Structures are given as structure tokens and as C-alpha cells.
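Coordinates in review
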Amino acid sequence: MTYLWRYWCFVTTGWGLLLSELGGYICGLSHAPAGTKRISNLLRCKKWSSTLIDDFFFERSRERIKSLQSNGQRPLLLWDESKIEKSESWFLEGLCSVESCKGKRLTKIRKGFYKPPTQRICVPGFHWTATLLSALGQTPSVCQMSWWTSRGKYQEVGTNIIFRMLKKLHKTIGSSVLHVLDRGYANAWTIEWMNEFKQDFLVRWKKTHLLCHSEKGTKQTHLLARSFKAVGRKMLRDNQRKISKYVTIAYTQVTHADFKDKSLWLIIVRDKKSLQPPMYLLTSIAITNTRLAWEMCHSYMHRWNIEQTFRCSKAELGMESPRLWFWENRLKLLAIVALVYDFLLMLLRNWSHWIPLFLRHWCHRTGNRYRNASIPIYRLRLAISHVLYTACCACQTSG
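So, how was this worked out
Residues numbered from 1 in each chain as written. Predicted model: local features only at pLDDT ≥ 70, side-chain atom pairs only at ≥ 80, totals over all residues. Heavy atoms only, no water. Helix = DSSP H or I, 4+ residues; strand = E, 2+ residues; numbered from the N terminus. Buried < 20%, exposed > 50% of the residue type's maximum accessible area, 1.4 Å probe, protein only. Contact = heavy atoms within 4.5 Å. Areas by Shrake-Rupley, 256 points an atom, 1.4 Å probe, with all protein chains shown as cover. Pairing = 2+ DSSP bridges. Patch = residues over 30% accessible without salt bridge, like charges linked within 9 Å, V, L, I, M, F, W, Y side chains within 5 Å. Salt bridge = Lys/Arg side-chain N within 4 Å of Asp/Glu carboxyl O. Core = buried A, V, L, I, M, F, W, Y, C linked by side-chain atoms within 4.5 Å. Phe/Tyr/Trp six-rings, centres within 6.5 Å; stacked < 30°, edge-to-face > 60°. Lys NZ or Arg CZ within 6 Å of the ring centre and 35° of its normal.

For the rest of this paragraph, the subject is the overall build of the chain. Looking only at helices and strands, the chain features 15 helices and 12 strands. Here the chain, with 399 residues, has 49% of them falling under the buried criterion. Pairs at least 24 apart in sequence give 62% of the contacts found in the chain among residues at least 6 apart. Carbon and sulfur atoms form 54% of the exposed surface of the chain, whose accessible area is close to 21200 Å².

What follows is the structure, given as C-alpha cells:
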């Protein structure tokens, strides 16, 4: 039991995925080399692979989809991609060239300072495709997390991961979920594959892409959207920017130039005070009334949960610092961390009434900013780490 507690201390520390540090949480700091050896043996073991955890996630997601449908809710699959940067590494297996998000932030033009370079900054790293299962008003859960590289022995194409996932969903679940995607997926192959596997989708469309209308002809999206007036108005809260916005919504039936036999619907969301440019959403679900249009708008806004997943996994769970030479071992360690993240989400989803009391005793914070957080996952991880560390110390003292 003591080793079990120390193992959970190891997976919830979030200080970095260095085996030499994590080993100290398995057998105690005085026996850190032995703990490091145990973790290393676990990751190097040939009797299991990261696909074991992937299958576990998918099976749990399938059960939750059935539960959401029985409650009359529409399941949402939130898609997005990110990158894990290893800017100081050269010789690790599976590294490829990725565009540096950190470089973008550091070279952003700021008033009064020099103009940064305009070329893309690329560093060694690997890609990350994630899918979360959720519903409106619900805490998400992990459905799939895949790490892949575009070079070397383990070379992979990112679209293949999406293809395999859609094929698996079509065989086991059917067309009962709504795939919510960002502008990076606004292209013809997304529509083609969704049609092939009979999946509903909602994608944020780019304003310069062409769409066909029965009366207006073929135009760029932003030019076509000008012809349609608002049919609904609502005050929405932008939680990311901490502002309330008065927005309007309009919708119309369109088709894509490459798939004219497939009816699509374009939803136009406008900020009445022009604080932000209009948002264009393209969906395969027939929009017959304003209520459905607002549901699609809220479904896309719910996609922000996956952005928070990337941020929490990198900053809090240390996914940007796996110190492992070999690709397969690195995938196993990242899959274990993904399992821990899903465990934290499960606590928030199933024990929401218990979480405030737990945080008050083990991770107290003052101020409305902390008390009113909708998903206090950072504090929850720290609180669990404090509890397990205290329990381990108590066991050591009594032993």
C-alpha cells in the first residue's frame, strides 16, 4: 500500500517527467535510484504498449456516449492538435521539425521594441493530436491522445490518425456524435472523410474559402455571409477574455464546391459592437430553427476545453519534459500522464460536491479568481499531491 501511495505521488507531482526525480517518489528520497530503476523497468517492459491505454480510453468513451444519449444529450468529440517542443534535443528518437509556439510568443511585436524576424521558427519536437469527449454543460473526458512524428523510423501522417479514429467510431458507435473542429481542419478532406464514415461535424470555416449558395452563387464565405441578416440575438459571456458580448446569429443552407450533392449549413455569429470579427461555422446538421443554431454556437465555444487540456498537460503535468531516449518508452510515459489527467477530470465530473471541501483543507487559496474557477484542475492536482505525500510520510514514520 505504501508503494501504491508513492506511485500516485509520482504521477501527480507535475514538476517534470525526469525519471531520476520521479524515482524518489516511489521508494523515498533515500532510495531514489531503486525507484528510478522500477520506473525504467516499467517503461522498457515489452509485455505492454501505449495502445493498451488507448483502448482503455476508447472503451470508456463508448460507455459514456451511451450514457449521454440515454440522458438526451448530444455527445461532442472535441478535436485539436498541438506540439511538444524539445528545442535543446538533437538525438532523441522520433524528433521532427515543428513550428515553435514559444518562439511566436517571444518574437511578437511589442510597441517600442525591435521588429522580430518574420520567418517561421522551427525547433525539434513531435506532434500531438488529442480528442476529448464531452457534452454541453459537462466536464470532458479523454477519448484519444496520440503523439506522432513526421520523420525517421516512426514517421506518421497526421491525417492517418484522424482516419483511423473515424473508422473505429463508425464500426463501434455509428453516427451518434458531433465532431467539433477548429479552423485547422477547414478543408475538403475533412468533409470527404466525415461523409464517408457518416459522421456529423461542426468546423470553424475560414472566411476566404469558397462556398456555393443556390441563389447567391459561388463566393468566398465572408462575402456570402453579408447577404444574410440576423435572426437571433443574445448576450454571451466570453470566459477566455473575461468580457460579455452582445452577439447575433444567422444561418443558411450551402454546399461545398467539391461535394455539391451534400447539403451543409453555414452559421454566422457576429459581434454587434465589432470587438471581434465574425465567426463562421460550417456543419452537416440541418439547422431548421434558431435554437439549433445557438446550440451549434455553444458547442463550438465548448471546444475551448481542449485548449485548456494542452495548457494543463504541458504546464502542470510536465508533458514537455519527458527525458527518455527511445520513442516507444516515451509514448508509454506520456500515456500514463494522460491517464492521470483523465483521472483528475473524472473527479471533477463525479465528485463536484466534494471538491470544494477537499480544496479548502489541502490547497487553500484566497480571492474570487481561485474560488470561482469552473475547472480548478491545477489546485486539485496539487491537493492530491499534498494528501499522498502526507500519507507516505505518516506510513514511513509508523513503519
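When a strand is regular, its side chains alternate between the sheet's two faces. Two elements, strand 7 (residues 210-213) and strand 8 (residues 217-220), share 4 bridges in a ladder whose sense is antiparallel. Bridge pairing in strand 8 places H213 opposite G217. Linking strand 7 to strand 8, which pair antiparallel, is a turn of 3 residues.

Right, let's get into a nonpolar patch on the surface. A surface patch of nonpolar side chains, about 630 Å² in accessible area, is lined by W90, F91, W325 and F326. Within the secondary structure, F326 is located in the loop between helix 11 (304-315) and helix 12 (327-350).

With that out of the way, let us pick up the environment of Q69. Looking at where Q69 falls in the secondary structure, it is placed in helix 5 (residues 51-70). The spacing of Q69 and S176 is 107 residues in sequence and 8.2 Å in space, taken between C-alpha atoms. If near-sequence neighbours (up to four positions away) are discounted, Q69 is found in contact with P75 and S176.

Moving on: the nonpolar core. Core analysis: the largest hydrophobic core is formed by 68 residues, its most contacted members being W128, M145, W147, Y341 and L380. Sorting elements by how many residues they give to this core places helix 12 first, with 13 residues. Non-local contacts of L380, meaning those with residues more than four positions away in its chain, are made with L344, L347, L348, I355, F358 and L359. Counting residues in hydrophobic clusters, the runner-up holds 33 residues, among them F58, L133, L181 and W205.

Tracing the sequence through the fold places D80 in strand 1 (residues 76-85). Setting aside residues up to four positions removed in sequence, D80 forms contacts with W128, T129, A130, Y185, R303, I306, E307 and F310.

The phi dihedral of K198 is positive, around 55°, even though this residue is not glycine. Within the secondary structure layout, K198 lies in the loop between helix 8 (188-196) and strand 6 (200-204).

For the rest of this paragraph, the subject is the packing of aromatic side chains. The way to describe two aromatic rings as a pair is by their centre distance and the angle between their planes. Scanning the model with the defined rule gives 9 aromatic pairs in all. For the ring pair F163 and W193, a centre distance of 5.2 Å and an interplane angle of 70° mean the geometry is edge-to-face. Taken as a pair, F163 in helix 7 (residues 158-172) and W193 in helix 8 lie far apart in primary sequence, 30 residues in all. Above the ring of F58, the side-chain terminus of K168 is found at 4.8 Å from the ring centroid. Its end group placed over the ring of W48, K332 keeps NZ or CZ at 5.0 Å from the ring centre.

By themselves these figures say nothing about function.
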